[in-house]
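Single-letter residue listing:
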Amino acid sequence: MKTGLLIPAIAMLAACQQPATLSVDKAWVRLSPVADAPASAYFTLKGGAKDETLTRVEAPEAARAEMHERVSKAGIESMADLKLVALRAGDQVVFAPGGKHVMLFGLQPSAQPGKTTPLVFTFASGQKITVSAKVVPPGGTAPSD
């Protein structure tokens, strides 16, 4: 008898869950140790209820931003431009050191360690998400909070 009541209760709880929402989390920017060299931005894309495609990342405090990915072919490391990044519904794509990243060229001097800088993410659906990325010094690691 208890099992018969448990199945409808689980089904009702599942129906009450909120659908996944497209989001950008854990955004941070590492400054370059070399003057006039680009900084790097990292973050996690979280998919919503439908498949989506990231088409562009902009940084209002930078002259330009480019999406890249580190690739290895025949033991040789290089960077490849990323024009689009597919994001499956409910999945996530991580931009992290040694992999996908956004290079920020001409970042304004106001972007200092301990402060934040805005990043604007544009998706194929037209949705835009703006986040504040924490700025860390050259060689710094992802913020823990």
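Coordinates for the structure precede this section.
Computed from a predicted model, the values in this text were never measured in an experiment.

Peer 1: Would you mind going over the packing of aromatic side chains with me for this structure?
Peer 2: By convention here, two paired aromatic rings are described through the distance between centres and the angle between planes. In total, this model carries 3 aromatic pairs according to the counting rule given. Between the aromatic rings of Trp 28 and Tyr 42, the centroid separation amounts to 4.7 Å while the plane-to-plane angle is 40°, which identifies the pairing as tilted. With Trp 28 in strand β1 (residues 23–30) and Tyr 42 in strand β2 (residues 39–46), the pair connects residues that are 14 residues apart, well separated along the chain. A residue is classified by how much of its surface remains accessible, and Trp 28, at 5% relative accessible area, is buried. You can call Tyr 42 buried: its relative accessible area is 6%. Aromatic side chains Phe 43 and Phe 121 sit 4.7 Å apart centroid to centroid with 75° between the ring planes, which places their arrangement in the edge-to-face category. One end of the pair, Phe 43, is in strand β2; the other, Phe 121, is in strand β9 (residues 116–123), with 78 residues separating them in the sequence. As far as the burial class goes, Phe 43 and Phe 121 line up, both buried.

Peer 1: Is there a simple way to explain the side chain of Ser 40 in this structure?
Peer 2: Its location among the elements puts Ser 40 in strand β2. Given the relative accessible area of 15%, Ser 40 is considered buried. Not counting residues within four places of it along the chain, the set of residues in contact with Ser 40 comprises Trp 28, Val 29, Arg 30 and Val 102.

Peer 1: Can you walk me through the environment of Val 85 in this structure?
Peer 2: Its location among the elements puts Val 85 in strand β6 (residues 85–87). The buried category is assigned to Val 85, whose relative accessible area is 5%.

Peer 1: It is not clear to me how the layout of surface pockets should be interpreted in this structure. Could you clarify?
Peer 2: Rolled over the atoms, a probe with the dimensions of a water molecule shows which regions are left empty. Put simply, the largest pocket is a space of about 210 Å³. As for the largest pocket, its lining consists of 14 residues, of which Leu 31, Val 34, Asp 36, Ala 37 and Leu 107 are closest to the centre. Classifying every residue of the lining of the largest pocket by side-chain character gives 9 nonpolar, 4 polar and 1 charged. As a volume, the second largest pocket reaches approximately 170 Å³. Forming the boundary of the second largest pocket are 13 residues, of which Lys 26, Ala 27, Trp 28, Ala 142 and Pro 143 lie nearest the centre. Looking at the lining of the second largest pocket, the elements with two or more residues in it are β1, β2 and β7 (92–95).

Peer 1: Which parts of the structure should I look at to understand the nonpolar core?
Peer 2: Within the largest apolar cluster, 29 residues are counted, with the highest numbers of intra-cluster contacts made by Phe 43, Leu 45, Leu 54, Phe 95, Leu 104, Leu 119 and Phe 121. The set of elements that each furnish at least two residues to this core consists of β1, β2, β3 (52–58), β6, β7, β8 (100–105), β9 and β10 (128–136). Ignoring any residue separated from it by four or fewer positions in sequence, one finds Phe 95 in contact with Tyr 42, Phe 43, Leu 45, Leu 54, Met 67, Val 85, Lys 100, His 101 and Val 102.

Peer 1: For this particular structure, what's the right way to read the environment of Ile 129?
Peer 2: Mapping Ile 129 onto the fold places it in strand β10. Overall, the relative accessible area of 13% leaves Ile 129 in the buried class. For the pair Ile 129 and Val 57, spaced 72 residues apart in sequence, the C-alpha to C-alpha distance is 9.6 Å. Contact partners of Ile 129, with chain neighbours within four places excluded, come to Leu 22, Ser 23, Val 24, Leu 119, Val 120, Phe 121 and Phe 123.

Peer 1: Help me out: how do you make sense of the pairing of β1 in this one?
Peer 2: One ladder, built from 6 bridges, connects β1 with β2; its direction is antiparallel. Opposite Val 24, over in β2, you have Leu 45 as the bridge partner. Sheet analysis places β1 next to β10, joined by 3 bridges and oriented parallel. From the neighbouring strand, Trp 28 faces β10, where its bridge partner is Lys 134.

Reading the values: the criteria
Residue numbers restart at each chain and count upward from 1, following the sequence in its written direction. Thresholds applied to this predicted model are a pLDDT of at least 70 for local features of residues and 80 or more for the giving and counting of side-chain atom pairs; totals over whole chains, interfaces and linings are not thresholded and use all residues. Only hydrogens and water are removed before side-chain values are computed, so all heavy atoms of the structure are retained for them. Any Phe, Tyr or Trp ring, taking Trp's six-membered ring, that has another such ring centre within 6.5 Å forms a pair; planes under 30 degrees apart are called stacked, those over 60 apart edge-to-face, and the others tilted. The way it works is that DSSP assigns letters per residue, a run of H or I at least four long becomes a helix, a run of E at least two long becomes a strand, and they are numbered from the N terminus. Using a 1.4 Å probe on the protein chains alone, a residue whose accessible area is under 20% of its type maximum counts as buried, one over 50% counts as exposed, and one in between counts as partly exposed. The contact rule is simple, with two residues in contact once any of their heavy atoms fall within 4.5 Å. Points on a 1 Å grid over protein atoms alone make up a cavity when a 1.4 Å probe fits among them but cannot get out, and a pocket when they form an open set with protein on both sides within 12 Å along at least five of seven lines; lining residues each have an atom within 4 Å of a point. Grid points are joined across faces, edges and corners, and a volume is the space filled by probe spheres set on the points. The nonpolar class holds Ala, Val, Leu, Ile, Met, Phe, Trp, Tyr, Cys and Pro. Asp, Glu, Lys and Arg form the charged class, and all remaining residues, Gly among them, are polar. Residue types Ala, Val, Leu, Ile, Met, Phe, Trp, Tyr and Cys, when buried and joined through side-chain atoms within 4.5 Å, form a set referred to as a nonpolar core. Here a strand pair is declared whenever DSSP counts at least two bridges between the two strands.

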